[in-house]
Amino acid sequence: MPENAAEVTAAGIARLAGVGRAAVSNWRRRHADFPRPVGGTETSPSFALGEVEQWLRDQGKLAEVPLRERVWQQVAAHPDGAVTALGQAGCALLLVRDRPTAWLELTAVSDVRLATMLPKALEAVLTPRFGPPGERAVPTPDAAALRGSVPLLRGAAELAAETGARQAFEFLLGRHLDANPRQYTLTPPGPAALMAALAGPAATVLDPACGTGALLRAAARPTGLYAQEADPDLAALAALRLALHSDAEVHVRTGDSLRADAFARLTADAVLCHPPFNERNWGHEELAYDPRWEYGFPARTESELAWVQHALARLRPGGSAVLLMPPAAASRRSGRRIRADLLRRGALRAVVALPAGAAPPYGIPLHLWVLRRPAAAERPAPELLFVDTAEPAGSGGRDKLDWQAVHHTVLDAWQPFDRSGTAEEQPGVSRSVPVIELLDDDVDLAPARHLPPPAAGGSAAELTGVRERLTDILRLTGDLTPPPAEAATPGPARWTGTTVGELVRAGALELRPGGSGTGSVLVLTEHDVLAGTAPSGTLPDASGPGEEPVEPVLLQAGDVVVPVLGGGSAARVVDEATAGAALGRNLQLLRPDPAALDPWFLAGFLRGTANNRQASSYASTATRLDVRRLQLPRLPLADQRRYGERFRALAAFEDALRLAGRLGQQLAQGLYDGLTDGTVEA
């Protein structure tokens, strides 16, 4: 094998072939000619990518390695590490985007010659975008460093021709971040977009702890982006990402913003920041007399309040800052004096409680602090806005938060408050509170302290309505209770069976996976199928320039949707109300030919426990359903419809039980709340 050739792990082989890791393990055991490991460890071996590709082709398991996978494997297997490879790929992609003709001329030469010529060409692109070599975060790789990277750079440019340079870099960077989740603290797109919206339009935007540049990437139409990051590798990746994303001037510096501020003379229109949390070694001793502590010297345990004051110090008068903060920063006693001065002088304008799961650390509900640098003659704001987004976000968990509802809730409260200095109270959601009421001994600014949640069931009249509806549903549940079961005639197997896979091959059934596509339609999620609720998810943003939009799988009435993870038996027949929604992740759509299959018959037999067990596979703690292996009997259409009516009745009974459970919980909690807060008489 050539020196520095790309290697791939078993997980990478599975991704290339579109199979599970268990299949790769089986290939290694059953095929004597499967490529031998060339590296890695005994428990996690690596294989030569070229040998694996050839073996897959010879076995008919791979027609061609997808370009994006081949380029990613070259990044992951780079001898100098994936971060170095990403940096070099980013430089080449910037050259491809800004000077495509120069790149085409360079690629006509040999690999050795290209490595020699590239540094000068890259320097001609990097200097105008980032400044001279001594100042910028992105170094120009030399010929020696590029010699082993030329195949990667050619592949990255080829990928850019398909998707666009920005999208190619986003894919490679995203794959690297996904592969190393514990190494980086990321700001997800939802909170990043909300923070940029709260900051408002801004020509110059600063992020003093930029990470991978996610917050600055969310800024709308800036002319100048300023960023600082302590990790040199992250600073370089952030600079390349921002330069590929925007035509704004990009100024990225390496260093600790608190100890070595690279933009001490900057007066930005806006600051967006997701600072490191709970740092004890933030510079408390050496920065005691720093002029940035205009609102008080932060205690050693209050690193977040140091970042707040750093952000305010880098704003022009009237400029806005939005920081992602841990909830403890709003209530720790060691920070009460600084919080009080921020209030008295009108610098702190709003505190927004995000739902748990919004951003790392995912287990706690983080806060957004919205700040504004007061102008010299400006009177301090008399009120502070509190917003709690837990209820609008829903309870779907980290991956199922309703960010559209969160954005609407926060901005519907913030925008009128920003214009007038006060806002109409929304019980349990938002309220503007006079600053004088907050200046007590604790200066506790946690929204939960000032926005007691409304009673779960509402007023006494609303609870009465819930009770009446529950009574009606319980009566309906009794009517829908299935009749006593009759034993089937004993004997040998009653039916000739078939599988979903056989029906797909025969054309009686269409099988499609969910989870891809872009657009504005609602998405039927895995949670919706299991809970029997309406579609609640959303598709990703539309494709960017140079990308072909991906059409989602849209549901039709009569489709059957089956979850493939979790090990439970579930199947849902799509009705007219759900038709038109997109199919979500971890779901499979079965679209029967109505002349051959009854959808309720199909869904009912797919629900069988034994059926699901024999079609399930197990990997670690996860259970995955192979829908093609699910079985059902071969029956005439008339008999299918007879079974289908029974299964339809069972589904209606199941829906009524779910609704009764939800109403019962709502009534019980509402009575608990009403009795304890005095709105209901004992």
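Residues numbered from 1 in each chain as written. Predicted model: local features only at pLDDT ≥ 70, side-chain atom pairs only at ≥ 80, totals over all residues. Heavy atoms only, no water.

As recorded by an unreviewed UniProt entry, the protein chain carries the name N-6 DNA methylase and is attributed to Streptomyces formicae.

(A) Structural context of the sheet that holds strand β19 (residues 582-583). Taken in spatial order, the three strands line up as β16-β15-β19 in an open sheet, and their pairing is mixed. Sheet topology places β16 (537-538) and β19 at the edges, where each strand pairs with a single neighbour. (Pairing = 2+ DSSP bridges. Helix = DSSP H or I, 4+ residues; strand = E, 2+ residues; numbered from the N terminus.)

(B) The pattern of salt bridges, seen in detail. A full pass over the atoms with the stated rule returns 34 salt bridges. Note that Glu 53 is salt-bridged to Arg 57, the shortest N-O span being 3.6 Å. One end of the pair is Glu 53 and the other is Arg 57, both in helix α3 (residues 49-58) and four residues apart, which spans about a single turn. What makes Glu 53 buried here is its relative accessible area of 10%. The exposure class assigned to Arg 57 is partly exposed, which follows from its relative accessible area of 27%. Ionic pairing is found between Glu 294 and Arg 373, a salt bridge with its closest N-O pair at 3.6 Å. Of this pair, Glu 294 sits in the loop between β7 (268-273) and α14 (303-313) while Arg 373 sits in the loop between β10 (367-372) and β11 (383-388), and the two are 79 residues apart along the sequence. (Salt bridge = Lys/Arg side-chain N within 4 Å of Asp/Glu carboxyl O. Buried < 20%, exposed > 50% of the residue type's maximum accessible area, 1.4 Å probe, protein only.)

(C) Molecular detail of the side chain of Arg 253. Looking at the secondary structure, you find Arg 253 in strand β6 (residues 249-254). Residue Arg 253 is classed as buried on the basis of its relative accessible area of 17%. Looking at Arg 253, its side chain comes within polar contact range of the main-chain oxygen of Glu 135, at 3.4 Å. In this structure Arg 253 touches Phe 130, Glu 135, Arg 136, Ala 227, Gln 228, Glu 229, Ala 235, Ala 262 and Phe 263, once residues within four positions along its chain are discounted. (Polar contact = N/O pair within 3.5 Å; in protein donor to acceptor, adjacent residues only side chain to side chain. Contact = heavy atoms within 4.5 Å.)

(D) Geometry of unusual backbone geometry. With an omega of -5°, the peptide bond running from Pro 360 to Pro 361 counts as cis. Checked against the element boundaries, Pro 361 lands in the loop between β9 (348-353) and β10. For Asn 278, which is not glycine, the phi dihedral falls at a positive 55°. Position of Asn 278 among the secondary structure elements: in the loop between β7 and α14. The phi torsion at Asn 586 lies on the positive side, around 60°, for a residue other than glycine. We classify Asn 586 as partly exposed; its relative accessible area is 27%.

(E) Main features of the packing of aromatic side chains. Applying the stated criterion across every chain yields a total of 10 aromatic pairs. Considering the side-chain rings of Phe 34 and Phe 47, the 5.7 Å spacing of their centres and the 85° angle between planes classify their relative orientation as edge-to-face. Highlighted residues: Phe 34 in the loop between α2 (21-30) and β2 (39-40) and Phe 47 in strand β3 (residues 45-48), separated in sequence by 13 residues. Phe 47 shares its class with Phe 34; the two are buried. Through a chain of ring-to-ring contacts, three or more aromatic side chains come together here, namely Trp 27, Phe 34, Phe 47 and Trp 55. Taking NZ or CZ as reference, Arg 68 lies 4.1 Å from the ring centre of Phe 171, over its face. (Phe/Tyr/Trp six-rings, centres within 6.5 Å; stacked < 30°, edge-to-face > 60°. Lys NZ or Arg CZ within 6 Å of the ring centre and 35° of its normal.)

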